[in-house]
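Residues per chain are reported as follows:
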Amino acid sequence: MPINSQRWFMRKEDYELRQANPDSPFRSFDVKCLKCGCYKLTLTAHYDEQTGESFLLFFCTRCRRQEQIPIKI
Ligand SMILES: [Zn+2]
């Protein structure tokens, strides 16, 4: 981690918005697979009839890791 004083030496580029990864479905967020580092994720919405809860499923197209994100309605 850089120490605070190094902030004084940030270049102009450091202040500009970072570009999204072209492989990522996200344009404003940096979301990648923590297992393999891949940005190629798919997002699907699901509804669990047993629990009555909706959730999003993030799916890594490279290593097939997945994660459920609850949807708050
Ligand atoms: Zn992955």
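Everything discussed here concerns the structure shown above.
As a starting point, this report considers the structure included with it. (Residues numbered from 1 in each chain as written. Predicted model: local features only at pLDDT ≥ 70, side-chain atom pairs only at ≥ 80, totals over all residues. Heavy atoms only, no water.)

1. Overview of the pairing of strand 1 (residues 41-48)
When strand 1 meets strand 2 (residues 53-60), the two strands line up antiparallel, connected through 8 bridges. By the bridge assignment for strand 2, Thr42 is matched with Phe59. Taken together, strand 1 and the strand that follows it, strand 2, pair antiparallel across an intervening segment of 4 residues, in which Gly52 is found at a positive phi of about 70 degrees. (Pairing = 2+ DSSP bridges. Helix = DSSP H or I, 4+ residues; strand = E, 2+ residues; numbered from the N terminus.)

2. Examining the sheet that holds strand 3 (residues 66-70)
With antiparallel pairing, the 3 strands of this open sheet are ordered in space as 1-2-3. Two strands bound the open sheet, and with one partner strand each, they are strand 1 and strand 3. For this sheet, the mean angle separating the axes of adjacent strands, direction not counted, is 25 degrees. Across 5 bridges, the pairing between strand 2 and strand 3 is antiparallel. Following the sheet pairing, Phe58 is matched in strand 3 by Glu67. (Axes fitted to C-alpha atoms, helices over the stretch in contact; angles between N-to-C directions.)

3. Quick notes on the coordination of the zinc ion
Protein-derived coordination of the zinc ion comes from Cys33 (SG), Cys36 (SG), Cys60 (SG) and Cys63 (SG), at a distance range of 2.3 to 2.4 Å. Around the zinc ion sit 4 donor atoms, and with donor-metal-donor angles ranging over 103 to 115 degrees the site reads as tetrahedral. If you list the donors of the zinc ion from N- to C-terminus, the spacing comes out as C-x2-C-x23-C-x2-C. One end of the pair, Cys33, is in the segment before strand 1; the other, Cys63, is in the loop between strand 2 and strand 3, with 30 residues separating them in the sequence. Using a relative accessible area of 23% as the deciding quantity, one classes Cys63 as partly exposed. (Donors = N, O, S within 2.8 Å, 3.2 Å for Na, K, Ca; no water. Tetrahedral: all angles 85-135°; square planar, octahedral: opposite > 155°, others 65-115°. Buried < 20%, exposed > 50% of the residue type's maximum accessible area, 1.4 Å probe, protein only.)

4. Points about the nonpolar core
Counting residues in each nonpolar core, the largest one holds 6 residues, listed as Phe26, Cys33, Cys38, Leu41, Phe58 and Cys60. In contact with Phe58, other than residues within four places in its own chain, are Phe26, Val31, Leu41, Thr42, Leu43, Arg65, Gln66, Glu67 and Ile69. (Core = buried A, V, L, I, M, F, W, Y, C linked by side-chain atoms within 4.5 Å. Contact = heavy atoms within 4.5 Å.)

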